[in-house]
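# Chain and residue survey
What follows is each chain in one-letter form.
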Amino acid sequence: MAELYLTRPMPPKALRAAQAAFNVTERPLNTPLKKGEMRASLVLYDVVIPTLGDLFTAEVFEGMEGSRCRLLANFGVGYNHIDVEAARKVGIAVTNTPGAVTEATADIALMLMLMSARRAAEGERLVRAGKWTGWHPTQMLGLHLGGKTCGIIGMGRIGQAIARRVHYGLGMKVMYHSRSYKHLEMPARAADSLEALLAASDCVILAVPGGAETRHLIGAAELASMRPHAHLINIARGDVVDETALIAALQSGQIGGAGLDVYENEPRVPEALRQMENVTLLPHLGTAALDVREEMGLMAVENAIAHLNDQPLLNPL
Ligand code: NAP
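Residues numbered from 1 in each chain as written. Predicted model: local features only at pLDDT ≥ 70, side-chain atom pairs only at ≥ 80, totals over all residues. Heavy atoms only, no water.

Another aspect to go through is the nonpolar core. Core analysis: the biggest nonpolar cluster contains 51 residues, and Leu4, Ile49, Met113 and Ile162 have the highest contact counts within it. Excluding residues within four positions of it along the chain, isoleucine 49 makes contact with Leu4, Tyr5, Leu6, Thr7, Met10, Ala73, Phe75, Ala300 and Val301. Core analysis: the next-biggest nonpolar cluster, separate from the first, contains 30 residues, Met175, Leu198, Ala245 and Met276 among them. (Core = buried A, V, L, I, M, F, W, Y, C linked by side-chain atoms within 4.5 Å. Buried < 20%, exposed > 50% of the residue type's maximum accessible area, 1.4 Å probe, protein only. Contact = heavy atoms within 4.5 Å.)

This part takes up the packing of helix α1 (residues 12-21) against helix α12 (residues 290-308). Close contact between α1 and α12 brings their axes to 8 Å; oriented N to C, the two are set at 10°. When the axes of α1 and α12 are compared, the pair comes out roughly parallel. In terms of crossing hand, the pair formed by α1 and α12 is right-handed. Contacts from Lys13, Ala14, Ala17, Ala18 and Ala21 of α1 reach α12 at Glu294, Gly297, Leu298, Val301, Ile305 and Leu308. Here the residues of the contact of α1 with α12 are counted per class, giving eight nonpolar, one polar and two charged. (Axes fitted to C-alpha atoms, helices over the stretch in contact; angles between N-to-C directions. Helix = DSSP H or I, 4+ residues; strand = E, 2+ residues; numbered from the N terminus. Parallel < 35°, antiparallel > 145°, perpendicular 65-115°, else oblique. Left-handed = near helix turned anticlockwise from the far one by under 90°. Nonpolar A, V, L, I, M, F, W, Y, C, P; charged D, E, K, R; others polar.)

What follows deals with the packing of helix α5 (residues 102-117) against helix α7 (residues 157-169). How two helices sit against one another is set out by the angle between their axes and by the gap between those axes. The contact between α5 and α7 brings their axes to 8 Å, and the two run at 55°. It follows from the interaxial angle that α5 and α7 lie oblique. The crossing of α5 and α7 is right-handed. Along its contact with α5, which presents Thr102, Glu103, Thr105, Ala106, Asp107, Ala109, Leu110 and Met113, the element α7 presents Arg157, Ile158, Ala161, Ile162, Arg164, Arg165 and Val166.

The immediate surroundings of the ligand are formed by 27 residues, with Ile158, Arg179, Ser180, Lys182 and Ile235 found nearest. Glycine 156 has a polar backbone atom sitting 3.0 Å from an oxygen atom of the ligand. A distance of 3.0 Å separates an oxygen atom of the ligand from a polar atom in the backbone of arginine 157. The residue makeup of the shell around the ligand, split by class, is 10 nonpolar, 11 polar and six charged. (Near = heavy atom within 4 Å. Polar contact = N/O pair within 3.5 Å; in protein donor to acceptor, adjacent residues only side chain to side chain.)

What follows covers the sheet that holds strand β3 (residues 47-49). In space, the five strands of this open sheet follow the order β2-β1-β3-β4-β5, with parallel pairing throughout. One side of each edge strand has no neighbouring strand; the edge strands of this open sheet are β2 (23-26) and β5 (93-95). With strand direction ignored, the average angle separating the axes of adjacent strands in the sheet is 20°. One ladder, built from four bridges, connects strand β1 (residues 3-6) with β2; its direction is parallel. The residue bridging glutamate 3 from the neighbouring strand is asparagine 23, located in β2. Packed onto the sheet, α1 meets β1 and β2 and runs at close to 140° relative to β2. (Pairing = 2+ DSSP bridges.)

This next bit is on the domain arrangement of the protein chain. By convention, interface size is frequently given as the accessible area that disappears when the constituent parts associate. Taken domain by domain, the protein chain comprises domain 1 (3-99 + 290-308) and domain 2 (102-281). Of note, the centres of domain 1 and domain 2, computed from C-alpha atoms alone, are 31 Å apart. The interface is formed by seven residues belonging to domain 1 together with seven residues belonging to domain 2. Between domain 1 and domain 2, roughly 550 Å² of surface is buried when both sides are summed, and carbon and sulfur atoms account for 52% of that area. Among the residues of domain 1 in contact with domain 2, Leu52, Asn80 and Gly99 are the three that bury the most area, contributing 64% of the side total. Put simply, domain 1 and domain 2 have zero salt bridges between them. Along the contact surface separating domain 1 from domain 2 lie two residue pairs in polar contact (both at pLDDT 80 or more). Split by residue class, the side of domain 1 that touches domain 2 holds four nonpolar, three polar and no charged. (Domains from an automatic or database assignment. Buried area = accessible area lost by both parts, 1.4 Å probe. Salt bridge = Lys/Arg side-chain N within 4 Å of Asp/Glu carboxyl O.)

What follows concerns empty space enclosed by the protein. Any empty space left between atoms is shown by rolling a water-sized probe over those atoms. Counted under the stated rule, the structure contains one cavity of 30 Å³ or more. Counted as a void, the largest cavity has a volume near 30 Å³. Taken together, Asn234, Gly238, Val241, Glu243, Leu246, Leu260 and Val262 make up the full set of residues lining the largest cavity. Here the residues of the lining of the largest cavity are counted per class, giving four nonpolar, two polar and one charged. (1 Å grid on protein atoms, 1.4 Å probe; cavity = no way out; pocket = protein on both sides within 12 Å on 5 of 7 lines; lining within 4 Å. Points joined across faces, edges and corners; volume = space filled by probe spheres on them.)

With respect to topology, seven strands assemble into an open sheet ordered β8-β7-β6-β9-β10-β11-β12, the strand pairing being parallel. Looking at the sheet topology across the chains shown, the edges are occupied by β8 (189-190) and β12 (279-281). Judged from the four bridges that link them, strand β10 (residues 231-234) and strand β11 (residues 257-260) form a sheet pairing that is parallel. Its bridge partner lying in β11, histidine 231 is registered against glycine 257. Sitting on the sheet, α5 touches β6 (149-153), β9 (203-206), β10, β11 and β12, and the angle it makes with β10 is about 155°.

Here you go:
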């Protein structure tokens, strides 16, 4: 039987699917693989299912031309932790799990936007601290989102799922900036430029992939283009935003608030962000629901099985 390595404990349903086709080794830790573990996994297993945090850099693939592993079936749609080109050069294919994560991640974007705009985390902290003094007409006024403009950066699967939610659910106007023009089911305006989107939006949501192309896409200059009451929501990858510049923009009141699911150096979240009331912080919850994680796991396993049977991969990169 072919050997498969799971770099983290998986939902039982996905584990059972893997065990039906492979001899499975499940690493019993929830921490990222170390470089030596990654190299060993390429030597020892036919397929590896890695995930976020497992940094398969070009260095890890060095000299792996003849290694046993021929497929990294990534658990997750984001794959900026894997140097796909370096893998390809040594004959290792990479797949991901697109689609399985779309709706759940869009939900988290919407939740973060609502929490940030309506000051939900701050309000919850107030109640929990026993400091709430009661309702009054000017208590904790936030930003009402109906009729306002939501600027979506990265109009792919998740971006479009967010657009549906904000248009049909909240009655917001949708504007977007992406690499290409999109034919969409709801009214949405393609911004002339990233700056134009930032200047016109009441909420800006990031839904681009991570990686070199989008690193610090939002830096000091971009934050300066935003409106002072506007909120920045990041469900993409932490390094899409220059975190130091974001902290400065929040501290100086250049923007109204931020809702973050991802960070530059996860799981480290800067003290300055944790101190600010107008910042909503989630621990990378985008896909954190059992059935979503099961679907992601099953998709990764299906790619592994296709590879095993010499069939075309379902989600090749
Ligand atoms: P996708 O369908 O590939 O969409 C990405 C979109 O970003 C595409 O529309 C692409 O434009 C656009 N884009 C790429 N580079 C850009 C750039 N430099 N400037 C502007 N737009 C750019 O991917 P997805 O499934 O929606 O996922 C997006 C990302 O979300 C993932 O890669 C992952 O990192 C992140 N994510 C996070 C979580 C979480 O837990 N927080 C969960 C799932 C995913 P074109 O279509 O024009 O090429």
